[in-house]
Amino acid sequence: MEHLAERAPQSSTLDGVVDAPAPAAEIVTPDDVRYDLLARADNYRFVARPEYFRLAHTPKQVEQAVGEAVAAGKRLTVRSGGHCGEAFVASPDVQVILDLSPMSHVGFDRERNAFVIEAGATVGRVLQTLFRGWGVTIPAGFCMGVGAGGHICGGGYGPMSRLLGLTVDYLHAVEVVVVDENGVASTVVATREDDDPNRDLWWAHTGGGGGNFGVITRYWMRSPDATGTDPARLLPRAPGMVHIAEVEWPWPELTERAFVRLARNFVRWQLANSDVDSPNVDLYALMRCMHQSAGHVAMHTQIPADRPDAASRWDRFLDELNAGVGVTPLVRRQTLPWLAASRYLAVPDTGPWAIAARRKVKSADLRGPHTEEQLVAAYRHLTDPDYHGPNSSMEYIGYGGRVNTVSPSATAIPRGAVVKTFYMAAWNDPAEDDQHIRWMRELYRDVHAETGGVPVPNEVNTGAYVNYPDIDLADPEWNTSGVPWHTLYYGENYPRLQEVKAKWDPRNVFRHALSIRPPR
């Protein structure tokens, strides 16, 4: 694949890709007016202070940048969209940050007969380009500003995952700049083909997370069962029109009993309707249990309008959700084209030019319902009158369906969950850091009190999601379970990931606070 690795960025056309000259790689040092902007990514809790940023435009420039940093003995990290929840990229000991945001091409590669996505392309750009160009899509997330570089290799999921599976279920190949035992950087393409000698590197990028094995420069996407050469038939067709609804339950009317019943109804519906053959597998819902200072608990749902009985099934879903709650929700509905609907839910494009948000996130994947004790604990924190956090929440996200038709060992990301829970505290004032982080930690700890403050895999939990990294899982103050963080993220796949790490990153060049550790 050297001929493609040498290529400049390309512009997308309906007939494939067209070469265009590439700008030279740029080095941004502290005396450059751009430095302070680049030092801040999506999470303003972390401000990077490297010796320089390297902005790369081609895979060859990435390879050169990595080789130079390694030869100089400099600590190197990489980012694409800048949405890491912890200070993995902005760690104080990092001397060089390789920024891939200029590498944002999305198009069709006729030589590989697959769609090519550069690591710096955002989810919004990927979805829009695939849909506008060919009418196809992948089950990516709804945070439009997230970079493909980290999103895909962590597994990748979104509103279409119940119907289509995970993003990595469509990963045909990945291009990675790696460093060998002699410190020499090279560019490798790894595919899912059974006879590919680099297949283990492909497998590691189907849920192993970013910053572990090398620098991802490009992905190629194609449905595993696709045939022919027509691009419009090589990925799933996107829906046409989509019914969407926004629902709100006012906090002043939600007693503890009502909240417990509502949350339990949501999860139980998911458990009953998340089999791949369920007629309701096409209905996606996200319930955002926001702190009471936000004024309400909110839910977003969507269902393709052309699916059988779509509107009536949505009505039945809402009836089942409200059963026994005793609170009349506010419901707003509309029908939109799919791409517009995907952006309706979307977290907008973010970055250092957007709101200066500070965040702390956590996660837990569920295969069973939360107990009443867990929901009471959640209610206590969500209604804490001494805390003000209108942007803080615990969210239930519909999952399962086709996700769980893939063997847990076929990809690096564990399978088996039917609901995701996502915890987030978000604020703007640095003086409030301690109170928001403490609230988030205590909420999570108390919800998972019976398993040592973390979602230890059992009949209820399947662990946590690596794309929502949380260093507290490796902190014995907050994880008293005795179960290591890597089991929570990777389950039984961790030893195999360690073997891939030892083979492809023997010098442990690519590392962070929760990176895969080389085997002893």
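Model, not experiment: these values are computed from the prediction. (Residues numbered from 1 in each chain as written. Predicted model: local features only at pLDDT ≥ 70, side-chain atom pairs only at ≥ 80, totals over all residues. Heavy atoms only, no water.)

Peer 1: Let's hear about the sheet that holds strand 8 (residues 114-118): which residues, and what values?
Peer 2: An order of 7-8-11-9-10 is seen for the five strands of this open sheet, with the pairing classed as antiparallel. Where the open sheet ends on each side, the last strands, each with one partner, are strand 7 (106-109) and strand 10 (185-191). Going across the sheet, the axis of each strand differs from the next one's by a mean of 25 degrees, ignoring polarity. In terms of strand pairing, strand 8 meets strand 11 (residues 215-221) through four bridges, oriented antiparallel. Bridged to V116 within strand 11 is W220. (Pairing = 2+ DSSP bridges. Helix = DSSP H or I, 4+ residues; strand = E, 2+ residues; numbered from the N terminus. Axes fitted to C-alpha atoms, helices over the stretch in contact; angles between N-to-C directions.)

Peer 1: Give me the lowdown on the confidence of the model for the chain, citing residues and values where you can.
Peer 2: Of the residues in the chain, 94% reach a pLDDT of 70 or more, and the chain-wide mean stands at 93. Considering only residues more than four positions removed or in separate chains, one finds that residues 1-18, a stretch of pLDDT under 50, has 54 contacts. Every residue in residues 348-354 is under pLDDT 50, and counting partners more than four places away or in other chains gives 12 contacts. (pLDDT = per-residue confidence, 0-100. Contact = heavy atoms within 4.5 Å.)

Peer 1: Give me the lowdown on the packing of aromatic side chains, citing residues and values where you can.
Peer 2: Taken as a whole, this structure holds 19 aromatic pairs when the rule is applied. Their ring planes at 25 degrees and their centres at 5.7 Å tell us that W251 and F259 sit as a pair that is stacked. No difference in accessibility class separates W251 from F259, as the two residues are buried. The interplanar angle of 65 degrees and the centroid separation of 6.4 Å between the aromatic rings of W485 and Y489 together place this pair among those described as edge-to-face. Of this pair, W485 and Y489 both sit in helix 13 (residues 485-490), four residues apart, which is roughly one turn of that helix. Three or more aromatic residues joined by ring pairs form one cluster here, namely Y157, Y399, F422, Y465 and Y468. Residue placement shows K420 over the ring face of Y399; its charged tip is 4.6 Å from the ring centre. Over the aromatic face of W203 sits the side chain of R496, whose NZ or CZ is 3.8 Å from the ring centroid. (Phe/Tyr/Trp six-rings, centres within 6.5 Å; stacked < 30°, edge-to-face > 60°. Buried < 20%, exposed > 50% of the residue type's maximum accessible area, 1.4 Å probe, protein only. Lys NZ or Arg CZ within 6 Å of the ring centre and 35° of its normal.)

Peer 1: I'd like to hear about the UniProt feature "domain: FAD-binding PCMH-type" (unreviewed entry) in the chain, residue by residue, with values.
Peer 2: Mapped onto this structure's residue numbering, the UniProt feature "domain: FAD-binding PCMH-type" (unreviewed entry) falls at residues 45-226. For residues 45-226, the end-to-end C-alpha separation is 43 Å, with 23% helix and 24% strand making up the annotated structure. (UniProt positions renumbered as here; feature names shortened; annotations may be inferred.)

Peer 1: Tell me about the sheet that holds strand 5 (residues 76-79), residues and numbers included.
Peer 2: Strand pairing in a sheet is mediated by backbone hydrogen bonds. Such pairs are either parallel or antiparallel. Across the sheet, which stays open at both edges, the four strands sit in the order 3-4-6-5 with mixed pairing between neighbours. Each edge of the open sheet is held by one strand with a lone partner, namely strand 3 (26-28) and strand 5. Sheet twist, expressed as the average angle between the axes of neighbouring strands with direction ignored, equals 25 degrees. Relative to strand 6 (residues 96-99), strand 5 runs parallel, the two sharing four bridges. Paired with L76 across the two strands is V96, which belongs to strand 6. Taken strand by strand, helix 3 (residues 59-71) contacts strand 4 (52-55), strand 5 and strand 6, and its axis lies near 175 degrees from that of strand 6.

Peer 1: Please set out the nonpolar core residue by residue, giving values where relevant.
Peer 2: If you look at the biggest cluster of nonpolar residues, it comprises 128 residues, and the most contacted ones within it are W249, M287, M299 and Y396. Top contributing element to this core by residue count: helix 8 (residues 256-272), with eight residues. Once you skip the residues sitting within four places of it in the chain, M299 turns out to touch A245, E246, V247, W249, F266, A285, L286, M287, F317, L318 and L321. With 19 residues, the next largest nonpolar core counts A65, V96, A119 and V179 among its residues. (Core = buried A, V, L, I, M, F, W, Y, C linked by side-chain atoms within 4.5 Å.)

Peer 1: Report on the packing of helix 11 (residues 372-382) against helix 12 (residues 433-447), specifying residues and quantitative values.
Peer 2: Helix packing for two helices is described by the angle between their axes and how far apart those axes are. Viewed as axis vectors pointing N to C, helix 11 and helix 12 meet at an angle of 165 degrees, and their least axial separation amounts to 8 Å. Judged by the angle between their axes, helix 11 and helix 12 are roughly antiparallel. Here the hand of the crossing between helix 11 and helix 12 comes out right-handed. Side by side, helix 11 and helix 12 meet where Q374, A377, A378, R380, H381 and L382 of the first sit next to W439, E442, L443, D446 and V447 of the second. Residues that form the contact of helix 11 with helix 12 fall into these classes: six nonpolar, two polar and three charged. (Parallel < 35°, antiparallel > 145°, perpendicular 65-115°, else oblique. Left-handed = near helix turned anticlockwise from the far one by under 90°. Nonpolar A, V, L, I, M, F, W, Y, C, P; charged D, E, K, R; others polar.)

Peer 1: Would you mind going over unusual backbone geometry in detail, with residue names and values included?
Peer 2: Despite not being glycine, N113 shows a phi value in the positive range, around 55 degrees. Relative to the helices and strands, N113 is located in the loop between strand 7 and strand 8. Look at D309: it is not a glycine, yet its phi comes out positive at around 55 degrees. Within the secondary structure, D309 is located in the loop between strand 14 (296-304) and helix 9 (310-322). Since its relative accessible area comes to 55%, D309 is described here as exposed.

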